[in-house]
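Here is what each chain is made of, one letter per residue.
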Amino acid sequence: MRILLILLFSLLTFSVSAAEPPLNIGGTASNWSLTNGKGETIDYHADSEGKVSVLLFWATWCPYCATLMPHLEVIYGKYRSKGLKFYAISINEDGNIDPVEYFKQRRFSFTLMKDGDAVAKQYGVRGTPGVFVIDKDKKVVYKRPQGVSDVLVKQNVDLRIKQALSK
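The paragraphs below set out a description of the structure included in this document. (Residues numbered from 1 in each chain as written. Predicted model: local features only at pLDDT ≥ 70, side-chain atom pairs only at ≥ 80, totals over all residues. Heavy atoms only, no water.)

### What to know about the sheet that holds strand β6 (residues 130–134)
With mixed pairing, the seven strands of this open sheet are ordered in space as β2-β1-β5-β4-β3-β6-β7. Here the strands that pair on one side only, and so sit at the sheet edges, are β2 (41–43) and β7 (140–143). Each strand axis lies, on average, 30 degrees off the axis of its neighbour in the sheet, ignoring direction. Here helix α4 (residues 99–106) sits on the sheet and contacts β3 (53–58), β4 (85–90) and β5 (111–114); the angle it forms with β5, its principal contact strand, is near 160 degrees. Packed onto the sheet, helix α6 (residues 150–165) meets β3, β6 and β7 and runs at close to 170 degrees relative to β7. (Pairing = 2+ DSSP bridges. Helix = DSSP H or I, 4+ residues; strand = E, 2+ residues; numbered from the N terminus. Axes fitted to C-alpha atoms, helices over the stretch in contact; angles between N-to-C directions. Contact = heavy atoms within 4.5 Å.)

As structure tokens, this is what we get:
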């Protein structure tokens, strides 16, 4: 029994220490390449060079994503003409709903990125929705805290985009 407990503790300790550290405010957004909803590969740093960007980590089955995304669509519409880049990175999909179809049905205009589980891990995202606002220098200026209401997320994302665009 004692050996089993030691093995279990060792396994848990290794799992926690092997996890990517979360990307926090002030940190630098690392580069990634993913396939978009049209089957094209996008390199994040090249595509968003000199632009403010939003990264939304979401899943088709996530009820919190479903309620937040329309709010974020309004914000994107507000700043899109000012050069804002918006990447909706699909993660943790269960195969029941196709993210491309989900976007078509809801008429979202974000850039849909598929199969982003490795990127989510790289950024330390552990749940959905994960939201980051990244400034023109690739620094994180906003990260959605867990358990925050859609209203506060919407207000904070809007404010941080506005501030980042004005620099």
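### Some words on the layout of surface pockets
The rolling of a water-molecule-sized probe over the atoms marks out the regions of remaining empty space. Taken as a whole, the largest pocket encloses approximately 320 Å³ of empty space. Lining the largest pocket are 14 residues, with Gly 37, Lys 38, Phe 110, Thr 111 and Leu 112 sitting closest to its centre. Looking at the lining of the largest pocket, the elements that each hand over two or more residues are α4 and β5. Looking at the lining of the largest pocket element by element, the count peaks at three residues for α4. For the lining of the largest pocket, the class distribution of residues is six nonpolar, four polar and four charged. (1 Å grid on protein atoms, 1.4 Å probe; cavity = no way out; pocket = protein on both sides within 12 Å on 5 of 7 lines; lining within 4 Å. Points joined across faces, edges and corners; volume = space filled by probe spheres on them. Nonpolar A, V, L, I, M, F, W, Y, C, P; charged D, E, K, R; others polar.)

### Side note on the pattern of salt bridges
Tallied over the entire structure, the rule returns three salt bridges. Measuring nitrogen to oxygen at the nearest pair gives 3.1 Å for the salt bridge that ties Lys 78 to Asp 158. Placement of the pair is Lys 78 in helix α3 (residues 63–79) and Asp 158 in helix α6, with a sequence separation of 80 residues. Judged by relative accessible area, which is 46%, Lys 78 ranks as partly exposed. (Salt bridge = Lys/Arg side-chain N within 4 Å of Asp/Glu carboxyl O. Buried < 20%, exposed > 50% of the residue type's maximum accessible area, 1.4 Å probe, protein only.)

### Things to note about the nonpolar core
Grouped together as the largest cluster of nonpolar side chains are 30 residues, with contacts concentrated most on Trp 58, Phe 103, Phe 110, Val 157 and Ile 161. Taken together, the elements giving at least two residues each to this core come down to β3, α3, β4, α4, β6 and α6. Looking at this core, the element that brings in the most residues is α3, giving seven residues. Excluding its chain neighbours within four sequence positions, the residues that come into contact with Phe 103 are Trp 58, Met 69, Ala 88, Phe 108, Phe 110 and Leu 112. (Core = buried A, V, L, I, M, F, W, Y, C linked by side-chain atoms within 4.5 Å.)

### Looking at the pairing of β4
Most of β4 is tucked away, with five of its six residues classed as buried. The sheet contact formed by β3 and β4 spans six bridges and is parallel. Across the sheet, Leu 55 pairs through a bridge with Tyr 87, a residue of β4. For the handedness criterion, the β-α-β arrangement of β3, α3 and β4 is classed as right-handed. Note that β4 and β5 share three bridges and pair parallel. Within the sheet, the bridge partner assigned to Ile 89 lies in β5 and is Met 113. (Right-handed = clockwise from strand over helix to strand, strands pointing away.)

### Brief notes about the environment of Lys 136
On the secondary structure map, Lys 136 appears in the loop between β6 and β7. Lys 136 sits 86 residues away from Gly 50 along the chain, and the two C-alpha atoms are 4.7 Å apart. Lys 136 has contacts with Gly 50, Lys 51, Val 52, Ala 164, Leu 165 and Lys 167, leaving out every residue within four places of it along the chain. Within the local environment of Lys 136, its side chain forms a polar contact with the backbone oxygen of Leu 165, the two atoms lying 3.4 Å apart. Among the polar contacts listed, one links the side chain of Lys 136 to the backbone oxygen of Lys 167, at a separation of 3.0 Å. (Polar contact = N/O pair within 3.5 Å; in protein donor to acceptor, adjacent residues only side chain to side chain.)

### A word on α6
Over its 16 residues, α6 extends 22 Å from the first C-alpha to the last, a length consistent with the 22 Å expected when each residue adds 1.5 Å. If you check which residues of α6 are buried, you get Val 153, Val 157, Asp 158, Ile 161, Ala 164 and Leu 165. The buried residues of α6 occupy an angular sector of 140 degrees when projected down its axis, which confines them to one face. In α6, the exposed positions that point more than 90 degrees away from the buried face belong to Val 151 and Lys 162. Check the buried side of α6 and you find it contacts β3, α3, β6 and β7. (Expected span 1.5 Å × (residues − 1). Arc of directions from axis to C-beta.)

In short, geometric facts, not functional conclusions.
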